[in-house]
Amino acid sequence: MSERFPEIDWYCDRCNAYLNDQPGFDDHKYTWKCKECGYKNSISSTNIFESEDEFRNFMSSTIDDIFGKILKK
């Protein structure tokens, strides 16, 4: 079976391990449990970023949004 996201390198959101080479990795699955740290990573088009900086900025703004909503309560 061909890859769902050809030429995309997947890295663990927690430990930054390279997922593509982990035994059994299949990007047709919607989640992948990292063999290094056990974190369940989402494998979807919404999680494809041009660079690590873009990913970090996305995560930072997401965390800011969550904390902002908590503080409003």
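Procedures and definitions
Residues numbered from 1 in each chain as written. Predicted model: local features only at pLDDT ≥ 70, side-chain atom pairs only at ≥ 80, totals over all residues. Heavy atoms only, no water. 1 Å grid on protein atoms, 1.4 Å probe; cavity = no way out; pocket = protein on both sides within 12 Å on 5 of 7 lines; lining within 4 Å. Points joined across faces, edges and corners; volume = space filled by probe spheres on them. Helix = DSSP H or I, 4+ residues; strand = E, 2+ residues; numbered from the N terminus. Nonpolar A, V, L, I, M, F, W, Y, C, P; charged D, E, K, R; others polar. Buried < 20%, exposed > 50% of the residue type's maximum accessible area, 1.4 Å probe, protein only.

Draft legend 1. Local environment of the layout of surface pockets. Considering only enclosed or pocket space, the largest pocket measures out at about 460 Å³ in volume. Breaking the lining of the largest pocket down by element, the ones donating at least two residues are strand E2 (40-42) and helix H1 (52-72). Per-element tally for the lining of the largest pocket: the top contributor is H1, with three residues. Of the residues contributing to the lining of the largest pocket, the split by class is 10 nonpolar, five polar and seven charged.

Draft legend 2. Quick look at unusual backbone geometry. In the Ramachandran plot, Glu-7 falls in the positive-phi region, its phi being about 65° despite a non-glycine side chain. Relative to the assigned elements, Glu-7 resides in the segment before strand E1 (31-33). Given the relative accessible area of 80%, Glu-7 is considered exposed. Even without being glycine, Asn-16 reaches a positive phi, approximately 70°.

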